[in-house]
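The residues making up each chain are set out below.
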Amino acid sequence: MIPFPPFAPDTSPFNPLATGDLKNCIPVEDGWRPLPSLTTITDALPAACVGATYVRNSSGSFTLIAGTTAGLYSLDTGTMSWTDISGASAPYSVPAGDRWTFTRYGQYLIAHNINDAIQVYDIEAGGVFADLAGSPPKARYSCVAGEFLVLMHLEGENNVVHWSGIGDIEHWTIAEKGCDKQALPSGEEIMGGIGDERGALIIQRNAMRYMQFAPESGYTFTFAPANEKRGTIAPLSIVQIGAGDFCYLSEDGFFRGVAGSPIGAGRVDRWFFATLSRSSLSAVKGIADPYEKIVWWTFEDAAEDRYLIGYDWQLDRWCYADNTTEEMVAVVTPGSGWDALDATYATIDAGEVTFDSRSSQGGAPTFAGFTTSHELAYFSGTPQAVDAYTAQVQINPAGRYNVRGARIITDALAGELAVGKVDYHGNDMTWGTATSMSSRTGFIGVRADGRLHRFHWSVPAGTAWTVLTGLEVEGSASGK
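Cut-off values and rules
Residues numbered from 1 in each chain as written. Predicted model: local features only at pLDDT ≥ 70, side-chain atom pairs only at ≥ 80, totals over all residues. Heavy atoms only, no water. Buried < 20%, exposed > 50% of the residue type's maximum accessible area, 1.4 Å probe, protein only. Helix = DSSP H or I, 4+ residues; strand = E, 2+ residues; numbered from the N terminus. Pairing = 2+ DSSP bridges. Core = buried A, V, L, I, M, F, W, Y, C linked by side-chain atoms within 4.5 Å. Axes fitted to C-alpha atoms, helices over the stretch in contact; angles between N-to-C directions. Salt bridge = Lys/Arg side-chain N within 4 Å of Asp/Glu carboxyl O. Contact = heavy atoms within 4.5 Å.

Participant: I'd like a description of the pairing of strand 31 (residues 365–370), backed by residues and values.
Facilitator: The buried fraction of strand 31 is high, at five of six residues. Across six bridges, the pairing between strand 30 (residues 327–332) and strand 31 is antiparallel. Among the inter-strand pairings, Val 329 is bridged to a residue of strand 31, identified as Ala 368. Relative to strand 32 (residues 375–383), strand 31 runs antiparallel, the two sharing three bridges.

So, in structure tokens, the structure goes:
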């Protein structure tokens, strides 16, 4: 069997255990399965989404919240429309290239960007956002360290952290209730942080530092090096996937954890930086799909086309998709009542998802995106179009091979196979005509005589299938 191997475009084209071309599939242990298409479920926001999150109150109800550069909105799950819950400071003015940052502190949701007064929303009472009291500084990022709200990358002080009074997010007077601030002397600007019960990990451009709760020292927090050589060049690329476990993009590729374990080296790093438009580096954003165990990063190329690259942190494998999304979010599904279905689809037959899908189950964690029309959409539709290539393989170790056909190891009943051949390593590849499988035998009659062969399997969008593993070739040796 010739496999459709893991996606690793940085490897040699002659490596049978890797391919540089495999699009719109999700890795499984012994092959691939389809990436669902986006299914729109809401009305459009009034402008592009620049940040979204969800919160759950004590009664178990979920609220989805999204922000534009000028406003903050909650989703009405009865009508699948957006309700303006902006505070008195609106319209806001989120700078170009910036995003809303959301952090939960107890019953409150904190929302902020570098340009506007910090906003606070009461998750239990609902209502609208308001300016956070106590005159906190404007900040780009935040996290919770024990009972402190920690603001990072302050307006005009991009290397400074400032934390609230203990247990009081409305107290910002230094030297009272443990409130204080600290400038980090090296590592350049702060790019984000991950909090826990004893402090936080502060991630900078070129370093990471532990922020440790240490009242016995005479200070609220002390700071210690965590990694003095590695940080992140794309603040939105930081994605937490577990306690103390996170992935991020550094100057030389994708890494995992404080120690900086390489996860993209020799597989996707060179390809990614060759494809990425460096001018859009700040827009590289990562989101964890908690159900599939995949971290997805969205990025742009020089032509401003948007793509997704994904890392399965359990299988240690990569994948790639050509979806165009305005914003990516990790959310829970709101569930679909009859009123919501009536608001979303003109008829019952027009529904694009099944009633037993994850999108129809309220509270199910899922990966979603906003379309370029500013509508929230779930990856819950029919399978996307697939392009899967093998490596260039030498079927006959002693010389040339004459391919007469193949059988695809898949349950897809529609698709086309093309075979390419070269006469020696490094020679230009000649491709034959793509051919459909026989509906009677499943055999695909493709022919090519050469020393090396490469196979291209394509499946139209909307085709039902669940697994793709490889192909079995029929043919015979044909000389040296």
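From this point, the narrative continues.
Participant: Could you give me a rundown of the sheet that holds strand 10 (residues 101–105), with the residues and numbers involved?
Facilitator: Taken together, four strands build an open sheet; the order of strands is 10-11-12-13 and the sheet is antiparallel. Looking at which strands have only one partner, the edges of the open sheet turn out to be strand 10 and strand 13 (130–131). With four bridges connecting them, strand 11 (residues 108–112) and strand 12 (residues 119–122) associate as antiparallel partners. Residue pairing for strand 12: Ala 111 is matched across the bridge by Gln 119.

Participant: Talk me through the nonpolar core; I want residue IDs and the actual numbers.
Facilitator: In this structure, Phe 272, Trp 297 and Trp 457 are the most contacted members of the largest nonpolar core, which totals 63 residues. In terms of residues, this core owes the most to one element, strand 27 (residues 294–300), which gives five residues. Listed in part, the 17 residues of the second largest apolar core include Leu 45, Met 80, Val 329 and Val 332.

Participant: Break down the sheet that holds strand 7 (residues 62–67) for me, with residues and values.
Facilitator: An order of 6-7-8-9 is seen for the four strands of this open sheet, with the pairing classed as antiparallel. Each edge of the open sheet carries a strand with a single partner, namely strand 6 (52–56) and strand 9 (81–84). Ignoring which end each strand starts from, the neighbouring axes of this sheet average 35° apart. Both strand 7 and strand 8 (residues 72–76) contribute to a ladder of three bridges, which runs antiparallel.

Participant: Any details on the pattern of salt bridges? Residues and values, ideally.
Facilitator: Evaluated as defined, the whole model comprises 19 salt bridges. Where Lys 23 meets Asp 387, a salt bridge forms, and the shortest distance between an N and an O atom there is 3.9 Å. You can see Lys 23 sitting in strand 2 (residues 22–23) and its partner Asp 387 sitting in strand 33 (residues 386–389), a full 364 residues away along the chain. Residue Lys 23 is classed as partly exposed on the basis of its relative accessible area of 21%. The residue Glu 300 makes a salt bridge to Arg 306 at a minimum N-O spacing of 2.8 Å. The two residues Glu 300 and Arg 306 agree in class, both being buried. Through salt bridges that share partners, Arg 400, Lys 421, Asp 423 and Asp 449 make up one connected network.

Participant: Let's hear about the environment of Ala 214: which residues, and what values?
Facilitator: Here Ala 214 is to be found in the loop between strand 20 (208–213) and strand 21 (221–227). Assessed through its relative accessible area of 7%, Ala 214 is described here as buried. Not counting chain neighbours up to four residues away, the residues in contact with Ala 214 comprise Tyr 219, Thr 220, Phe 221 and Thr 222.

In short, the description is geometric, and any link to function would need to be established separately.
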